Amino acid sequence: MPTPEPTLPQIQQAITDLLRTEQLATLATIDSAGLPSASAMHIAADGLIAYMHTFQYNRKHTHMQQNSRPGTPQP
């Protein structure tokens with residue numbers, strides 16, 4: 001018998017638990033040529049919201065500014 005799919009609350013709880021225990025994450029961005037770039041970053045979380053800090057003079061910040069999507073918070 002197949003395993004049932006997890007419910008949305010179960011998925012949210014699993015993500016919250018993961019964010020509560022992890023201190024590092026990888027942020028992937030896309031440069032102006034459409035190429036990916038990945039950076040390891042320290043994270044902090046409040047429930048399902050993850051916080052990351054970066055400086056304005058690095059490529060991560062530049063990529064996020066160049067390739068923002070509607071509904072994405074801007075610094």
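Residues numbered from 1 in each chain as written. Predicted model: local features only at pLDDT ≥ 70, side-chain atom pairs only at ≥ 80, totals over all residues. Heavy atoms only, no water.

### So, the pattern of salt bridges
Convention followed: Just to be clear on terms, a salt bridge is a Lys or Arg side-chain nitrogen sitting within 4 Å of an Asp or Glu carboxyl oxygen. Under the scheme used here, helices are H or I runs from DSSP no shorter than 4 residues and strands are E runs no shorter than 2 residues, and both carry numbers assigned from the N terminus. Exposure classes here rest on a 1.4 Å probe applied to the protein chains alone. A residue is buried below 20% of its type maximum, exposed above 50%, and partly exposed in between.
For the structure on display, the rule yields one salt bridge. Arg20 is the salt-bridge partner of Asp17, the closest N and O atoms lying 3.0 Å from each other. Placement of the pair is Asp17 and Arg20 together in helix H1 (residues 8-21), with a separation of three residues, close to one helical turn. Classification of Asp17 as partly exposed rests on a relative accessible area of 32%.

### Some remarks on the sheet that holds strand E3 (residues 49-52)
Just so we agree on the cut-off: Strands are labelled as partners when DSSP assigns at least two bridges between them. All axes are obtained by fitting lines to C-alpha atoms, using only the stretch in contact for helices, and the reported angles, taken between N-to-C directions, cover 0 to 180 degrees.
Taken together, the three strands give an open sheet; going across it, the order is E1-E2-E3, and neighbouring strands pair in antiparallel fashion. What marks the edges here is a single partner per strand, and that holds for strand E1 (24-30) and E3. The sheet shows a mean angle of 55° between the axes of neighbouring strands, direction not considered. Bridge count between E1 and strand E2 (residues 36-46): seven bridges; the pairing is antiparallel. Across the sheet, Ala28 pairs through a bridge with Ala38, a residue of E2.

### Looking at the environment of His42
Condition: By definition in these notes, contact holds between two residues if any of their heavy atoms fall within 4.5 Å.
Its location among the elements puts His42 in strand E2. A relative accessible area of 60% places His42 in the exposed class. Here the alpha-carbon distance between His42 and Gln23, two residues 19 residues apart in the chain, equals 5.6 Å. Once residues within four sequence positions are removed from consideration, His42 is found in contact with Gln23, Leu24, Tyr51 and Met52.

### Examining the environment of Ser39
Positionally, Ser39 belongs in strand E2. Sequence-distant contacts of Ser39, defined by excluding residues within four places in its chain, comprise Ala25, Thr26, Leu27, Arg59 and Lys60.

### Observations regarding the pairing of E3
Of the pairings in the sheet, the one linking E2 to E3 comprises four bridges and is antiparallel in character. In the sheet register, Ala45 faces E3, and the bridge partner there is Ala50. In sequence, E2 turns back onto E3 through a hairpin of two residues, with Gly47 there showing a positive phi of about 70°.

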